[in-house]
Structure formats: C-alpha cells, structure tokens
Amino acid sequence: MKNNFHHTIFDRVENLPLYWDQFAIDTIFLTIKYLKVLEESAPKNMECYYIALYNCKKLVGIGIAQYLDGNQMETFGDRDQCLKTLVRNFTFKNFCSGVLFIGNNMLTGQNAFSFSATISAVDALIELKKAASVLELRLKKEGKKVHLTSYKDFTKIHRPIFKEADFSAFYEFQIQPNMIFNIKNHWHSIDDYVADLSKKYRDQYKRARKKATDIEKRKLSLAEILASEDLIYNLYLHVAESAPFNTFLLQKNHFSTLKRNLEHDFLFYGYFLNGELIGFNTLIKNGTTMDTYFLGYDAKMQREKMLYLNMLYDMIGYSIKKQFKKIIFGRTALEIKSSIGAKAEDMFGYIKHSNSLLQWQMPRIFNSLQPKVEWHARNPFKDEL
C-alpha cells in the first residue's frame, strides 16, 4: 500500500470510526466502552480527544490524548507540607499547568496508541506527533495554554521507535516504575502463592489476615455502588488527598460509570466492619492481565486492620483463581507491593515545553515536579533467596 498518512481528531466517542475497536484488542483502555467512561466521568480538569490514523482511506491506527488544566486543581496533594513541595506546586501552577498528554494520565502503562501491523510503527508515530501538534494549536486557539506536551508510559522496547521517529526536541524522562506481579504457572490458589513465600513474608501474610478476621469483603453491584456513592467518594478522597502529588481528582460518578459501561470487566469490592463500609478496591479485567485501579479506605481502619495489605492479597488471590497471567499494580506504594512479590518495570516518557528556554531547563523542572520516592526492593519468595 502506498503511504498517504493523515489523521482525524475526535472529541466525541459517538463519532469514532466503525472499526475503532479492532485496534483495541490488546488493551481494554482504548475500547469504545472504556472511552465512554472518560466521556461521561473524566476528572473536571481533563478533556479527552481520540485520534484516528489513516493510510489513504484505511484506518491503520488509533490513539488517545488528554488535556489537563492544573489551574482547576484546588490541591495537588496534602501529604508533604514543606518548602520543596511549595516550590514544586508553584512551578507546576505557573509554568506547567496546561499539559497535553498523548496517552492516559489516569493509568500506568502503554495505553496511548495501537497501530496496524501492516504499517511501520515509526511512520504511525510520526503521524501521531503531527496530530498532537494540530491539537496543540487547536487548544491555543480556544484560549487554553499548552505548556507541556508529554507522551507516556513506555518501556525500553519502545525507545528505538521514538528515536527513529525523531523525538530529539523532547526530553526523555524516567518516572517511577510500574509494579508488575507475574502469576506463576503452578499457582492455582492463594495457598500455592503463600507456600512459595519465605518464612518472613508468610508471617506477614498470616499477621495481615489475622488482623482482618472480622472484616467482610463483598463484590458490589451497580445499584450498591450508586447507593453508597457519597461514602465511596469520601473514602477515595482520603487516599487521593494524602498522596504527595495529584494532577486530577476523579468525579463522584466515576465508579458507577465504570460499572455501567464495563459491566463484568469492572470489579468493585467493598470492605465492611459491623455492616459499615470502611474501604474498597477496584479491578479491571484487561485480557489476560488484571489492572488494579483506584481504591479508598478509612485511615484508622487501615492501620488497625492492615487493610491495604489485605486488599493486595485479595487481588492476588482472585487473579490466581481466575487464571490471569499478571497483575498491573501501578506506581504507588512501591515497597509494600514489592513485599508481596511485584517487580519494578522501568517506565519512560517524552516531554516538551512550549517555551524553548524552559525546555533547555527541562531536566531540572521535571525533577522538581516529580516527588522523590526512596524505596527498597524486596524478595518475598523462597526461590529468590
């Protein structure tokens, strides 16, 4: 086929090309049913765009873009109240608040694009970069500042493609790793997993389970999520606002919208003490991969019941039982996730400032924006000792 690449940018899911979902077979996060969730319940400071790539008249690739307006954020995170945090927040608000992401800033991993195997990934990425430039101009004409354009999250296998597509004007950055839990072939239940742990981490498992013996865990239906929406949101906000840095906050209807659109592919588990909801976690089935999503909990109950650690074990147990291949745990709480067996995968991205002088200072600016996290990798399995 002769190369004649062009693109179309959509801001409504209902207008997407007929064959869009044929390019979303590797990730649920590019499917129309998930994109409807973004359209109906994206964070208030986020606008979503969908990019169709064509060669002649044939659809050959898809991508997602998100524009985030940091000026609409009342708080970026309350955990670290110090001079460095104040400087970081000032820098973000005044020089980096308008960000165009090529990818999904709500997720960890490569959920930015999918290209046909019949074309060069480099050619497709070049066309996607052209689409991003068009989108930048469009946003500026609408009076929206685009300080930064960023492509995220990619592993080292993607780096040669970006190099060949000439991203030399961008700063390549490395962010906190994605914690990935690989499920071993001989595991058929949580007991098989526990049997492979060294004594120290078996004891950690037993201690956590003992703390939560009076906790009831229950899968919630759409009706139950809607009935407890205010409490669910308050539990989520407690965790979100305790983070060192946020660029968005979910809307209250986000979880119910997910359940309505993804149905059985979205799992919402409530944790109850004496009939009262004290925490929850969420999972999204993504082919043979289980993606962990947002959670929330009461701080006092989390400490007393080791609630977060128990949630991690529950996620592992369910994923083993349902024969998933791996769990994506994301890039928060790195050390505790390492202690249950998740491994760090390095993640890369590419970022460019609209001001060339500030782009020259991008290494320094980026390091000031990204909270520094010190952590130690753990090896909980006997065969790793």
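Undergrad: Sorry, what's going on with the packing of aromatic side chains here?
TA: Working definition: an aromatic ring pair is given by the centre-to-centre distance plus the angle between the planes. What the rule picks out here adds up to 30 aromatic pairs. Aromatic side chains Tyr-151 and Phe-162 sit 6.1 Å apart centroid to centroid with 80° between the ring planes, which places their arrangement in the edge-to-face category. Placement of Tyr-151 in strand E6 (residues 148–154) and of Phe-162 in helix H4 (residues 159–164) is noted, with a sequence separation of eleven residues between them. Taken as a pair, Tyr-151 and Phe-162 share a single burial class, namely buried. Ring pairing ties together the aromatic residues Phe-113, Phe-115, Tyr-151, Phe-154, Phe-162, Phe-167, Phe-170 and Tyr-350, which thus form one cluster. The ring of Phe-167 has Lys-129 lying over it, and the distance from NZ or CZ to the ring centre is 4.6 Å. Directly above the ring of Tyr-269 sits Lys-217, whose terminal nitrogen or CZ lies 4.3 Å from the centroid.

Undergrad: Help me understand the pattern of salt bridges, please; the structure alone is not making it clear to me.
TA: Think of it this way: side chains of opposite charge can pair up when their charged atoms draw near. Throughout the structure, instances matching the rule amount to 20 salt bridges. Between Glu-39 and Arg-12 there is a salt bridge whose closest N-O contact spans 4.0 Å. Placement of the pair is Glu-39 in helix H1 (residues 32–41) and Arg-12 in the loop between strand E1 (5–10) and H1, with a sequence separation of 27 residues. Among the residues examined, Arg-12 registers a relative accessible area of 37% and is labelled partly exposed. The residue Glu-47 makes a salt bridge to Lys-144 at a minimum N-O spacing of 2.9 Å.

Undergrad: Hey, could you run me through the nonpolar core in this one?
TA: A general feature of soluble globular proteins is that nonpolar side chains tend to end up buried together. Grouped together as the largest cluster of nonpolar side chains are 58 residues, with contacts concentrated most on Tyr-34, Leu-35, Tyr-50, Tyr-236, Phe-255 and Tyr-293. Broken down by element, this core gets its largest block of residues, six residues, from helix H8 (residues 229–241). In this structure Tyr-293 touches Tyr-34, Met-106, Leu-107, His-254, Leu-258, Phe-266, Thr-282 and Ile-284, once residues within four positions along its chain are discounted. Core analysis: the second largest hydrophobic core is formed by 41 residues, Ile-190, Tyr-193, Ala-212 and Tyr-313 among them.

Undergrad: Sorry, what's going on with the layout of surface pockets here?
TA: Considering only enclosed or pocket space, the second largest pocket measures out at about 650 Å³ in volume. As for the second largest pocket, its lining consists of 26 residues, of which Asp-26, Thr-27, Gln-110, Asn-111 and His-158 are closest to the centre. Broken down by secondary-structure element, the contributors of at least two residues to the lining of the second largest pocket are strand E5 (113–115), strand E7 (171–182), strand E11 (289–297), strand E12 (326–330) and strand E13 (343–353). Looking at the lining of the second largest pocket, the element that brings in the most residues is E5, giving three residues. For the lining of the second largest pocket, the class distribution of residues is ten nonpolar, eleven polar and five charged.

Undergrad: I keep staring at the pairing of strand E4 (residues 98–102) and nothing clicks. Help me out?
TA: Note on strand geometry: in a regular strand, side chains alternate between the two faces of the sheet. Burial analysis of E4 places five of its five residues in the buried class, the great majority of the element. As judged from the five bridges shared by strand E3 (residues 58–69) and E4, these two strands associate in the antiparallel manner. In the sheet register, Ala-65 faces E4, and the bridge partner there is Ile-102. Of the pairings in the sheet, the one linking E4 to E6 comprises four bridges and is parallel in character. Its bridge partner being in E6, Leu-100 is matched across the sheet by Thr-149.

Undergrad: Honestly, helix H3 (residues 121–141) in this entry has me stumped. Any pointers?
TA: Side chains that are three or four residues apart share a direction in an α-helix, a result of its 3.6 residues per turn. Spanning 21 residues, H3 covers 30 Å between terminal C-alpha atoms, matching the ideal 30 Å at 1.5 Å per step. Along H3, the residues that are buried comprise Val-122, Ala-124, Leu-125, Glu-127, Leu-128, Lys-129, Ala-131, Ala-132, Leu-135, Glu-136 and Leu-139. Its side-chain oxygen 3.1 Å from the backbone nitrogen of Val-122, Ser-120 forms the N-cap of H3. Phi for Gly-143, located one or two positions after H3, is positive at around 85°.

Undergrad: When you look at the side chain of Glu-136 in this model, what are you seeing that I'm missing?
TA: For Glu-136, the location among the structural elements is in helix H3. Those residues in contact with Glu-136, other than ones at most four positions away along the chain, are Leu-100, Val-146 and Thr-149.

Undergrad: Would you take a moment to explain the packing of helix H6 (residues 199–211) against helix H11 (residues 307–321) for this structure?
TA: If you want to describe how two helices pack, look at the angle between their axes and the distance between the axes. Contact geometry for H6 and H11: axes closest at 9 Å, N-to-C directions at 110°. Relative to H11, the element H6 is oriented roughly perpendicular. Note on element contacts: H11 touches H6 through Leu-309, Asn-310, Tyr-313 and Asp-314, opposite Tyr-201, Gln-204, Tyr-205, Ala-208 and Arg-209. Grouping the amino acids of the contact of H6 with H11 by side-chain chemistry returns five nonpolar, two polar and two charged.

Calculation criteria
- Residues numbered from 1 in each chain as written.
- Predicted model: local features only at pLDDT ≥ 70, side-chain atom pairs only at ≥ 80, totals over all residues.
- Heavy atoms only, no water.
- Phe/Tyr/Trp six-rings, centres within 6.5 Å; stacked < 30°, edge-to-face > 60°.
- Helix = DSSP H or I, 4+ residues; strand = E, 2+ residues; numbered from the N terminus.
- Buried < 20%, exposed > 50% of the residue type's maximum accessible area, 1.4 Å probe, protein only.
- Lys NZ or Arg CZ within 6 Å of the ring centre and 35° of its normal.
- Salt bridge = Lys/Arg side-chain N within 4 Å of Asp/Glu carboxyl O.
- Core = buried A, V, L, I, M, F, W, Y, C linked by side-chain atoms within 4.5 Å.
- Contact = heavy atoms within 4.5 Å.
- 1 Å grid on protein atoms, 1.4 Å probe; cavity = no way out; pocket = protein on both sides within 12 Å on 5 of 7 lines; lining within 4 Å.
- Points joined across faces, edges and corners; volume = space filled by probe spheres on them.
- Nonpolar A, V, L, I, M, F, W, Y, C, P; charged D, E, K, R; others polar.
- Pairing = 2+ DSSP bridges.
- Expected span 1.5 Å × (residues − 1).
- Polar contact = N/O pair within 3.5 Å; in protein donor to acceptor, adjacent residues only side chain to side chain.
- Axes fitted to C-alpha atoms, helices over the stretch in contact; angles between N-to-C directions.
- Parallel < 35°, antiparallel > 145°, perpendicular 65-115°, else oblique.

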